[in-house]
Amino acid sequence: MIEHDAGYFLAARRCPNGRPAASFDGRSLDVAIEPDPVTGSAQWFHFRAFAREAVPIRIVNAVASSYPRGWSESIVWARHGSRRWTPVAASYADGVLSFSHVAPRATASYALFPPFPFSRLARIAANVAASSFGSSTMAVPEAGAACHLALGDPDPAARQIWIVCGQHGNEHPAIWFADGFVAALLERGSLPAGKRFHIVPVANPAGMKAGHLRTNSDGQDPNRHWGVSDSPQCPEVRTLLDAMEATGVDLLVDVHTDFEMACVYLDVLEEWLETPPALVAMREVFERGLADRSPDVSFGRRYPWETPPRAEQLAGMCAPAIERRFGAAAITLELPIGRYRDGDDRRGIWTPRKSRALGRVAAEILLAES
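Residues numbered from 1 in each chain as written. Predicted model: local features only at pLDDT ≥ 70, side-chain atom pairs only at ≥ 80, totals over all residues. Heavy atoms only, no water.

A. Spatial organisation of the pattern of salt bridges. Within the structure shown, the criterion is met by 21 salt bridges. In this structure, Lys195 and Glu369 form a salt bridge, with 3.9 Å as the shortest nitrogen-oxygen distance. With Lys195 in strand S14 (residues 195-200) and Glu369 in the segment after helix H9 (352-368), the pair connects residues that are 174 residues apart, well separated along the chain. The pair Lys195 / Glu369 is uniform in exposure class, with both members buried. A salt bridge links Arg346 to Asp344; the nearest nitrogen and oxygen atoms lie 3.4 Å apart. The exposed category is assigned to Asp344, whose relative accessible area is 56%. Through salt bridges that share partners, Glu270, Arg283, Glu287 and Arg302 make up one connected network. (Salt bridge = Lys/Arg side-chain N within 4 Å of Asp/Glu carboxyl O. Helix = DSSP H or I, 4+ residues; strand = E, 2+ residues; numbered from the N terminus. Buried < 20%, exposed > 50% of the residue type's maximum accessible area, 1.4 Å probe, protein only.)

B. Focus on the layout of surface pockets. The calculated volume of the largest pocket comes to roughly 730 Å³. Lining the largest pocket are 28 residues, and of these Tyr67, Asp258, Tyr265, Tyr303 and Trp305 lie nearest its centre. Among the elements of the structure, strand S15 (251-257) and strand S17 (329-335) are those that each provide at least two residues to the lining of the largest pocket. Its residues placed into classes, the lining of the largest pocket shows 10 nonpolar, 8 polar and 10 charged. When its volume is computed, the second largest pocket comes out at roughly 470 Å³. As for the second largest pocket, its lining consists of 16 residues, and the residues nearest its centre are Arg84, Trp85, Arg120, Trp176 and Pro352. Breaking the lining of the second largest pocket down by element, the ones donating at least two residues are strand S6 (76-80), helix H1 (118-130) and H9. Along the lines of polarity and charge, the residues of the lining of the second largest pocket split into 8 nonpolar, 2 polar and 6 charged. (1 Å grid on protein atoms, 1.4 Å probe; cavity = no way out; pocket = protein on both sides within 12 Å on 5 of 7 lines; lining within 4 Å. Points joined across faces, edges and corners; volume = space filled by probe spheres on them. Nonpolar A, V, L, I, M, F, W, Y, C, P; charged D, E, K, R; others polar.)

C. Layout of the packing of H1 against helix H2 (residues 172-186). For the pair H1 and H2, interaxial distance at closest approach is 11 Å and the crossing angle is 25 degrees. It follows that H1 is roughly parallel to H2 by the angle criterion. Crossing of H1 over H2 shows left-handed handedness. Residues Arg120, Ile124, Asn127 and Val128 of H1 lie in contact with H2, whose contacting residues are Trp176, Asp179, Val182 and Leu186. Taken together, the residues of the contact of H1 with H2 break down into 5 nonpolar, 1 polar and 2 charged. (Axes fitted to C-alpha atoms, helices over the stretch in contact; angles between N-to-C directions. Parallel < 35°, antiparallel > 145°, perpendicular 65-115°, else oblique. Left-handed = near helix turned anticlockwise from the far one by under 90°. Contact = heavy atoms within 4.5 Å.)

And the structure:
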């Protein structure tokens, strides 16, 4: 038996008929990832399975996913009973991702990464609202909604620092990063004057609730609509842009997850954006701070663009659009998922704890910067 797992903020994918895409042939539990609407992108999975024996579980359409090269570095996470999520070895061969059912005669949950619980997000928002220097607008799993946490100096003249995470449905490492970032701010007795932090842990809650890889509930990729002044088909972006217009933006960190680049890196597009030197310097200070303070970061790692990004692609992406719109330093930070290489090129497994730790480091850097 394989079924929908609704116990987390990101639920499992369903077939169009509402039932999980799964079958059992007596030898293995076979699961197919359902693609996003409109775009057909696919990679994420989260489901529950019951079997009387330790049978293999197979993701039979892994080869048809958006990032098939990433499966070679994949770790599947499992949880059963009240236990914590633990990594399970997986293998990828002949277009199929395979791993073993960890709980014979019991039900276990499986996911590509430990999903961020919606209940935890609610607690974080409540803690921010209860603090002496914060406010929060809680998310609901509907199109256009977002969880906007604001902490620090309420003076409109304060430096406005935005941390945007979870534009895409799969990006749970980014949400755990936001968790660590907010925790680092809340643990301080006070925040420095002249800075206001805006944290959006989940920019695309409806897409995440539906279990989409990249899109919102209408099948639109939010990170392709930031350059459009009026985006009725992507209310998530419209909501955030309205909030940013109200406060201004001095610095943005847009946090994502990369399935194929097995490391933490910054997606730097300065060459094509003709970014002013002062903004380049601000990005370098942030990146060097990460590399100096985190064992998981090495300065200078980059996405290997083989050809220049298309003009319309640059126009729609969050960080380039915010740089152009506000004249702000805008940084795209990519986190790994599965196996990865740390700052010294040693291999390991990326975990929620590592995401939270990096979020804390980022908060320390931005608190210290002038």
